[in-house]
Amino acid sequence: MTQTQQWDESYIAHTYSRFPITLVEGKGSILKDDQGNRYIDLGSGIAVNTFGAADSQWIEAVCQQMQKLSHTSNLYYTQPAPQLAKMLCERTGMKKVFFSNSGAEANECAIKAARKYAAQTLGKEYTNIITLAGSFHGRTITTLAATGQEVFHSQFQPLTPGFLYAEPEDIAQMEQLLEENPCAAILLEPVQGEGGVKALDFAYLQQVEQLAKKHGALLIVDEVQCGNGRTGKLYGYMHSGIHPNIITTAKGLAGGLPLGATLFDEKTANVYQPGDHGSTFGGNPICCAGAINVLQRLDETFLQQVEEKSKLIAEMLTGARGILSVSGLGMMVGVETQRDASKIVEECMQKGVLVLKAKNKIRLLPPLSISIRHLVQGLQVLKTVCAKQED
Ligand SMILES: Cc1ncc(COP(=O)(O)O)c(C=O)c1O
């Protein structure tokens, strides 16, 4: 163990089990550790580094802003946040944005807004929010409650009340929950990430939208992981043609800086009034400058390339030896393997390729800008490791 690793073990709360490498620098989809080892990055910091490490255009945009103004309070106007909000609204058809710092905060903001909206439009008892089994919405007490996985709940009771869970793709159960409980909203990930990289059926999403409308409940999509170009469209819900009332996002939005965003449609745009919500760092000029650069570059041509790379990934992995199935959407890929996924992650790392896990699957979230050459090299290693016979 190096001194850095010892200090980490001694002084940082043990919330993460880390792999025994210390990453120190990178360029694009290549990362280097402190021993000079080189890795092909197929995880992008869990869907954060949209354009990989140390992207020069992004650095320039961020540094330019840093030299002008890195922070002020939300008591004053700044230039980057409104420019970014306008871009987000124009690209989604939404009407207003609240900026925060993370996915959990973006979801907290959506949940508070949904409860306030429901109290005003349906009645005070309309507090319930339906989420899906296997979902993941964050680590705060409320977003843990929203997360439909018992394993995250047990040690932190009591969680925020008012969350109900439906099985994904079971529209009858969703309808029953809406009929039997006064509900403010339905919250779901168009592609479940932590839950095992499962894309929800487009027809199911359309049915959920209809049901939400029928019951006056809001539809909130959590695009924290599957948003910002990851699936080949700007946001994952766009594949199904639904129109959510609220969109939440974070991770890849600012390409490596902490930024959360909650987008509101016409109905919900004015729910929040001064004093209802806030965040010291929300809309931070540096993070917003990073996000403006990211969004400008996620144009149709680039998204088409994401689509093409996603096809290449599916072609290379589907039916390969030791691979049982390939799931997901775009460059958000789940790989069900014959061998234990944890062993595969470790062996890939030893062979210079960084991959992630989601439940019992290998999860791939490469930088969207990864070159075909690095993508193919990384996937070749993964295939070799998956095909290996156990000793
Ligand atoms: C779908 C989804 N929502 C919310 C979150 C929480 O985001 P953060 O860790 O930025 O709070 C995550 C994180 O993995 C996520 O995947």
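Values in this document were obtained by computation on a predicted structure and should not be read as measured data. (Residues numbered from 1 in each chain as written. Predicted model: local features only at pLDDT ≥ 70, side-chain atom pairs only at ≥ 80, totals over all residues. Heavy atoms only, no water.)

Things to note about the site of the ligand
Piece 1. For the ligand, the set of nearby residues contains 13 residues, the closest of which are G103, A104, E189, D222 and Q225.
Piece 2. In this structure, D222 approaches the ligand through a side-chain N or O atom, which is 2.7 Å from a nitrogen atom.
Piece 3. Contact with the protein chains covers 82% of the free accessible surface of the ligand, which is 390 Å².
Piece 4. At 3 residues, helix 5 (residues 103-121) tops the list of elements feeding residues into the shell around the ligand.
Piece 5. Considering only residue class, the shell around the ligand consists of 3 nonpolar, 6 polar and 4 charged. (Near = heavy atom within 4 Å. Polar contact = N/O pair within 3.5 Å; in protein donor to acceptor, adjacent residues only side chain to side chain. Areas by Shrake-Rupley, 256 points an atom, 1.4 Å probe, with all protein chains shown as cover. Helix = DSSP H or I, 4+ residues; strand = E, 2+ residues; numbered from the N terminus. Nonpolar A, V, L, I, M, F, W, Y, C, P; charged D, E, K, R; others polar.)

Here's the deal with the pattern of salt bridges
Piece 1. Per the stated rule, a full pass over the model turns up 8 salt bridges.
Piece 2. Here E347 makes a salt bridge to K388, at a shortest N to O gap of 3.4 Å. Of this pair, E347 sits in helix 11 (residues 341-350) while K388 sits in the segment after helix 12 (372-387), and the two are 41 residues apart along the sequence.
Piece 3. Take K388: its relative accessible area is 37%, and that puts it in the partly exposed class.
Piece 4. Several salt bridges share partner residues, and in doing so they unite R339, E347 and K388 into one network. (Salt bridge = Lys/Arg side-chain N within 4 Å of Asp/Glu carboxyl O. Buried < 20%, exposed > 50% of the residue type's maximum accessible area, 1.4 Å probe, protein only.)

Here we look at the environment of I40
Piece 1. Considering the arrangement of structural elements, one finds I40 in strand 3 (residues 38-41).
Piece 2. I40 sits 338 residues away from G378 along the chain, and the two C-alpha atoms are 6.1 Å apart.
Piece 3. If we skip the residues at most four places from it in the chain, I40 touches S29, I30, G352, V353, L354, I370, H374, Q377 and G378. (Contact = heavy atoms within 4.5 Å.)

Side note on helix 5
Piece 1. Along its 19 residues, helix 5 runs 27 Å from first to last C-alpha, staying within 8% of the 27 Å computed at 1.5 Å per residue.
Piece 2. One or two positions beyond helix 5, positive phi appears at G123, with a value near 140°. (Expected span 1.5 Å × (residues − 1).)

A few points about the packing of helix 11 against helix 12
Each pair of packed helices gets described by two things: the angle between the helix axes and the distance between those axes.
Piece 1. Where helix 11 contacts helix 12, the two axes come as close as 9 Å, and the packing angle between them is 130°. One finds that helix 11 runs oblique with respect to helix 12. Viewed along their axes, helix 11 and helix 12 form a crossing whose handedness is right-handed. Of the residues in helix 12, those touching helix 11 at I344, E347 and C348 are V381, L382, V385 and C386.
Piece 2. Tallied by class, residues from the contact of helix 11 with helix 12 come to 6 nonpolar, no polar and 1 charged. (Axes fitted to C-alpha atoms, helices over the stretch in contact; angles between N-to-C directions. Parallel < 35°, antiparallel > 145°, perpendicular 65-115°, else oblique. Left-handed = near helix turned anticlockwise from the far one by under 90°.)

Some remarks on the side chain of T22
Piece 1. Mapped onto the secondary structure, T22 falls in the loop between helix 1 (3-11) and strand 1 (23-27).
Piece 2. Residue T22 is classed as buried on the basis of its relative accessible area, which comes to 15%.
Piece 3. Separated by 2.9 Å, the side chains of T22 and Q5 make a polar contact.
Piece 4. Ignoring any residue separated from it by four or fewer positions in sequence, one finds T22 in contact with T2, T4, Q5, K32, D33 and D34.

A few points about the packing of aromatic side chains
Piece 1. If you walk through the whole model with that rule in mind, you get 3 aromatic pairs.
Piece 2. Arranged with centres 5.4 Å apart and planes meeting at 65°, the rings of F136 and F152 form a pair that is edge-to-face. You can see F136 sitting in the loop between strand 5 (128-132) and helix 6 (141-146) and its partner F152 sitting in the loop between helix 6 and strand 6 (163-166), a full 16 residues away along the chain. This pair shows no difference in class: F136 is buried, exactly as F152 is.
Piece 3. Pairing F264 with Y272 gives two aromatic rings, centres 5.9 Å apart and planes at 80°, and the pair type is edge-to-face.
Piece 4. Residue classification places F264 among the buried residues on the basis of a relative accessible area of 3%.
Piece 5. When the ring centre of F51 is taken as reference, the NZ or CZ atom of R297 above it lies at 3.8 Å. (Phe/Tyr/Trp six-rings, centres within 6.5 Å; stacked < 30°, edge-to-face > 60°. Lys NZ or Arg CZ within 6 Å of the ring centre and 35° of its normal.)

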